[in-house]
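# Notes for the structure review
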Amino acid sequence: MSEPAPVVIVVEDERQIRRFVRSALEEIGCRVFEAETAAQGLTEAGTRKPALVVLDLGLPDRDGVDFIRDLRNWSGVPVIVLSARAEESDKIAALDAGADDYLSKPFGVGELLARVRALLRRQAAGEGSPEFAFGDVRVDLARRAVERSGQPVHLTPIEYRLLTLLLANAGKVLTHRQLLKAVWGPAYVDSSHYLRIYVGHLRQKLEADPAQPRHLLTETGVGYRFQP
Amino acid sequence: MERPVTSARSAPLLPHGRWRGFAWSTAACLGTTLLASPLHELLDPANIVMLFLLTVVWVAVRLGRDPAVLAAFLSVASFDFFFVPPRFSLTVSDAQYLLTFAVMLTVALVIGQLTARLGLEARTAARREQQTRALYEMARDLSGAFAAEQVVAIAGSFVEENLSARMAAYLPDDAGVLNILAGPAGGSPAIDASLARVAFEQGDPIGPSRAASGPLVLYLPLRAAMRVRGVLAVALADPADELSAEQAGILDAVASLVAIASERLHFVAVAQDALLRVESERLRNTLLSAVSHDLRTPLTALVGLSDALILTGDALPASKRETAEAIRDEALRMNSVVSNLLDMARLQAGVVRLRKEWQPVEEVVGSSLKHMESRLQKHRVRTALQSDLPLLEFDAVLVERVLCNLVDNAVKYAPPDSEVAIEARRCEAGVEISVSDDGPGLAPGSESSIFEKFVRGQPESATSGVGLGLAICRAIVEAHGGSIRAENRPGGGARIAFTLPVGEAPALDAALIARLEGELP
């Protein structure tokens, strides 16, 4: 990173977890500030101008989901949630509140860094890159063209809309609810079978092995993620 | 009400029946005659007639209709005999008196009739009012009752006091068995439990009827809005007593009030039960979450810290690096044991609520394989999913857990570089999903016992695991209404297959799809 080092705030009440997260992030050239409580975390986020927030959901003073809602009132900074809870509903609540990604404890450092890099990269790239390439697929948003191995692929309007939504949020987990609302409308947020059928169509058309997708990934019980 | 009841005719008069009434009536006429005799010289016959009419009115008011009729005739006869010349004879010298007799008799009869009816109605109204008040008071008491015993006691004492009858209630318990609860004065030997059951099952009243020389017994089902809540059995105290229509009506009212009270108690119990269940479920969930948090937090630190050590790269000598890797791997294994234990606890505590959604099998297979990617590095994976499988309704997180456990199991026993195959196909029971490996297979006879808790496929091997994985798989599959079985493949290796039932998948809204497909860019 030749630019000024990106600032990351780690909000986590366990010292040992903070410690290894910090050393891992510093290893890739981030400046890390730690916070033990949600209140402290919000203060840090307000003063340090972070590029990323790593947030534990089980904080002693406040619910992590509340933290995200508060933060989202004045900041669009990417948030990765760390959750020890196995319940998918907590992750969904955090994502719906505005978190960008989550990691279930325990997680490896490699996993953490991959997610952090993806979000930092996305932020650095800014909005509106009109071309995407993954696997042997190329998508040109300006021309509305999708090609696979040089051959045009026909997508229906719903499939195309779903794909562009996932591409625009590369690396970010989109919940079933968010996707259903954006593509089918607010009346269909609970009809997840629509989404599942259409993601299946996209995989059939774009993935080498639809049963073992590499790019259109399932976050079981939560939603989907596009991984370039 | 279609019920054989003796009608309550012009209600009881003065105590002890009608003969007493006639006697009093005769005595009243006699008294008037004696009173009027000394006044015979002073009074006009017309005024003596008035005295007799007064007597008839008194008899009608106090004694009722029939004694009044008797009094009317006696008065005319007495007037004729004692006061109309020639006296002490029924003959009449002046024919005009015949008119007097006729008018006197008519007036006496009419007045007697009207007065008697008025009195009867007043008495009936008073009695009705009293009964209504008693019923009202019972209803008020019932509304404050908080146990079935109380309800029966309140209704029982009402029936005993107002109808001089014995009452017992038959109330069903959760299993539908009728339990008898007698009123305060106890039940009656004339009450027959088998008749009560018939009334309960058919929901129709039985009786009043009497067995041999016993008292009248009546079985009234407690019909509430939702269902029959029991049976009231009422036996009249005196074997000779009959039941009036009015009394039957009161008993009906009692039965409805008891039915309403029972239903109210039932719903109170249901509400309390639900509250209790929610509370204990919440407690268990909180406990399991806390345990999960407390176990996973140190594991996260262990995995992360050893990982951080490994990633410091060349700074670490190879042997230390291996140590760090071993720490990380053991911590991860510990995590999977903890997950299995917690999952089993959740499944057994019944706190797992299936989040079923309609979805393709392909997706959960894909996500499971992605999840197990690192475990599968040394094996070849083959998927063979029938292409036209229907959508199935299942909890993706839990079914992913099943697949991960099965794949983990296959990797554990199959040698490196061998093939792990995941297949899915239609079968009779729905869709069958299987995981096969090229390992040593299952010990003969262990095909079903491996799904028991803490039983492992290869007891003496050094392969790790506490044997909860397959027990969890079975619990999850069975919660979905499917079944799981293990077998050895003909060519060697084990194959574990589970089925998920096929249901009626929701259709896509064709109009919506057409609109969106046409409208979106």
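Presented here is a report on the structure given in the accompanying data block. (Residues numbered from 1 in each chain as written. Chains lettered and ligands numbered in written order. Predicted model: local features only at pLDDT ≥ 70, side-chain atom pairs only at ≥ 80, totals over all residues. Heavy atoms only, no water.)

Looking now at the overall build of chain B. In terms of regular secondary structure, chain B is built from 12 helices and 12 strands. Out of the 521 residues in chain B, the part that is buried amounts to 41%. Carbon and sulfur atoms provide 59% of the accessible area of chain B, an area that totals close to 27300 Å². (Helix = DSSP H or I, 4+ residues; strand = E, 2+ residues; numbered from the N terminus. Buried < 20%, exposed > 50% of the residue type's maximum accessible area, 1.4 Å probe, protein only. Areas by Shrake-Rupley, 256 points an atom, 1.4 Å probe, with all protein chains shown as cover.)

What follows deals with the sheet that holds strand E4 (residues 217–223) of chain B. Residues and elements named next belong to chain B. Strands sit in the order E2-E1-E5-E4-E3 across an open sheet of 5 strands; the sheet is antiparallel. At either margin of the open sheet sits one strand with a lone partner, and together these are strand E2 (178–182) and strand E3 (206–209). In this sheet, adjacent strand axes meet at a mean angle of 25 degrees when their direction is disregarded. One ladder, built from 6 bridges, connects strand E1 (residues 165–172) with strand E5 (residues 228–236); its direction is antiparallel. In the sheet register, Ala168 faces E5, and the bridge partner there is Ala233. Strands in contact with helix H7 (residues 245–311) are E4 and E5; relative to E4, the strand with the most contacts, it is inclined by about 40 degrees. (Pairing = 2+ DSSP bridges. Axes fitted to C-alpha atoms, helices over the stretch in contact; angles between N-to-C directions. Contact = heavy atoms within 4.5 Å.)

This part takes up the sheet that holds strand E4 (residues 79–83) of chain A. All names here are of chain A. Taken in spatial order, the 5 strands of this open sheet run E2-E1-E3-E4-E5, and their pairing is parallel. The open sheet terminates on both sides in strands that have one partner only, identified here as strand E2 (31–35) and strand E5 (101–104). Strand-to-strand, the axes of this sheet are offset by a mean angle of 20 degrees, without reference to chain direction. Bridge count between strand E3 (residues 52–56) and E4: 4 bridges; the pairing is parallel. Residue pairing for E4: Val54 is matched across the bridge by Ile80. Packing of helix H1 (residues 15–27) onto the sheet brings it into contact with strand E1 (7–11) and E2, and relative to E2 it is tilted by some 165 degrees. Sheet strands in contact with helix H2 (residues 38–48) are E1 and E2, and its direction is about 150 degrees off that of E2.

Turning our eyes to something else, we now look at the interface of chain B and chain A. Taken together, the contacts link 46 residues of chain B with 48 residues of chain A. Three residues, B:Thr300, B:Glu363 and B:Glu517, lead the burial of chain B against chain A; their summed loss comes to 15% of the area buried on that side. The interface formed by chain B and chain A holds 4 salt bridges in total. Two residues, A:Arg196 and B:Glu357, come together in a salt bridge whose shortest N-O distance is 2.6 Å. (Buried area = accessible area lost by both parts, 1.4 Å probe. Salt bridge = Lys/Arg side-chain N within 4 Å of Asp/Glu carboxyl O.)

Attention now moves to the environment of A:Leu155. Residues and elements named next belong to chain A. Within the secondary structure layout, Leu155 lies in the loop between strand E9 (151–152) and helix H6 (157–168). A relative accessible area of 11% places Leu155 in the buried class. Separated by 11 residues in the primary sequence, Leu155 and Arg144 place their C-alpha atoms 9.9 Å from one another. The residues contacting Leu155, other than those within four sequence positions of it, are Val146, Tyr160, Leu163, Leu202 and Lys205.

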